[in-house]
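What follows is each chain in one-letter form.
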Amino acid sequence: MSSVRPLFVVAGVGNGTGTGASAARLFAQKGYKVALISRGPESLNKLAEELSQHGGEAAGFPVQDYSPNSIRAAFAAIRAHFPPSSSPLRVALFNAGYGVWKPFLEITDEELHNSLDINVAAAFAFSREVITDFLKLEFEDSSEGGQGGVRKRGTLLFTGATASIRGNVTTSTFAAGKHGLRALSQSLAKEFGKKNIHVGPTHSCIGILTDRTRAKVNNPEWENNVDGRLDSDSIAKAYLDLVRQDSSAWTWEIDLRPAHEKW
């Protein structure tokens, strides 16, 4: 068996019950080593321990914030812990985000800066680190044990939102950040597709069932209605489907919605 195994890096895992954590669990199950970047070391280390206890190989890399310097430092630590010679980076997911839902005239300068800093600047720094590593790699080989499609160096994914493609009455700040993230993704897809690097955003367009949304909504009917809200495990499966696509048919953007959403 090859000593080389592919690496999955995810930024943004929250308290371990949302999309980032679900993706980490799924890719660990599929044989990837997993590097977790997030604020909140307690939840981060808890998830890393969980993945390791279930047979995976995972490590947490806590950051104080999502500034470009923090992102760069996290990747330096990841490369030291998971040497590229035995742990080639093949899949990366930027799942961090910042949102504020308020009337336009109530939004503060700080809230605007936070949205742009996390949704755009942090994604830019994350992407630069990832693509730099991808460009050093040959096409993924099946001997690594990963899931990557034919003639692919790596896959860079972003978690978007409805606000990535349209604004609304209380989403001016959030939409500005998510529009920027979508534009970044599209630009990278066009520039680096020629290098066989797959880039794509996924827009999760209604409430995702997590511990936080469960407490906020506090509605068992909503929680139990699998046709009316998103499941983070299902979103993770959509990410895996993108990774598996070969270079003759790549999806750039997918829009995920539950069956009964009105849109």
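Cut-offs and rules
- Residues numbered from 1 in each chain as written.
- Predicted model: local features only at pLDDT ≥ 70, side-chain atom pairs only at ≥ 80, totals over all residues.
- Heavy atoms only, no water.
- Helix = DSSP H or I, 4+ residues; strand = E, 2+ residues; numbered from the N terminus.
- Buried < 20%, exposed > 50% of the residue type's maximum accessible area, 1.4 Å probe, protein only.
- Contact = heavy atoms within 4.5 Å.
- Axes fitted to C-alpha atoms, helices over the stretch in contact; angles between N-to-C directions.
- Parallel < 35°, antiparallel > 145°, perpendicular 65-115°, else oblique.
- Left-handed = near helix turned anticlockwise from the far one by under 90°.
- Nonpolar A, V, L, I, M, F, W, Y, C, P; charged D, E, K, R; others polar.
- Salt bridge = Lys/Arg side-chain N within 4 Å of Asp/Glu carboxyl O.

*Asks:* Sorry, what's going on with the environment of Leu-188 here?
*Replies:* Along the chain, the position of Leu-188 falls in helix α5 (residues 172–192). Overall, Leu-188 belongs to the buried group, its relative accessible area being 10%. Along the sequence, Leu-188 and Glu-42 sit 146 residues apart, while their C-alpha atoms lie 33 Å from each other. Setting aside residues no more than four positions away along its own chain, Leu-188 makes contact with Ser-127, Ile-131, Leu-156, Phe-158, Gly-193 and Val-199.

*Asks:* When you look at the packing of helix α3 (residues 68–81) against helix α4 (residues 109–134) in this model, what are you seeing that I'm missing?
*Replies:* Direction vectors running N to C along α3 and α4 enclose 30 degrees, while the axes themselves pass 8 Å from each other. Put simply, α3 runs roughly parallel to α4. The chirality of how α3 crosses α4 is right-handed. Across the interface between the two elements, Pro-68, Ile-71, Arg-72, Phe-75 and Arg-79 of α3 pack against Ala-121, Ala-122, Ala-125, Phe-126, Glu-129, Val-130 and Asp-133 of α4. Of the residues contributing to the contact of α3 with α4, the split by class is 8 nonpolar, no polar and 4 charged.

*Asks:* Teacher, can you tell me more about the pattern of salt bridges here?
*Replies:* Pairing between side chains of opposite charge can happen when the charged atoms of each approach one another. Scanning the entire structure with this criterion turns up 9 salt bridges. Of the charged contacts in the structure, one is a salt bridge between Glu-50 and Arg-25, with a shortest N-O distance of 2.6 Å. Here Glu-50 is found in helix α2 (residues 41–53), whereas its partner Arg-25 is found in helix α1 (residues 19–29), with 25 residues between them in sequence. Residue class for Arg-25 comes out partly exposed when judged on its relative accessible area of 22%. Arg-79 is paired through a salt bridge with Asp-133; the nearest N and O atoms lie 3.1 Å apart. Here Arg-79, found in helix α3, pairs with Asp-133, found in helix α4; they are 54 residues apart in sequence, far enough to count as distant. For Arg-79, a relative accessible area of 26% translates into the label partly exposed. According to the relative accessible area criterion, Asp-133 is buried, its value standing at 12%. Each of the salt bridges in this network shares a partner with another, and the network as a whole consists of Arg-79, Glu-129 and Asp-133.

*Asks:* Which parts of the structure should I look at to understand the environment of Leu-242?
*Replies:* Tracing the backbone through its elements, the reader meets Leu-242 in helix α8 (residues 232–244). With a relative accessible area of 4%, Leu-242 lands in the buried category. In this structure, the C-alpha to C-alpha distance between Leu-242 and Leu-156, residues 86 residues apart in sequence, is 9.8 Å. Those residues in contact with Leu-242, other than ones at most four positions away along the chain, are Lys-152, Leu-157, His-198, Thr-202, Thr-251 and Ile-254.

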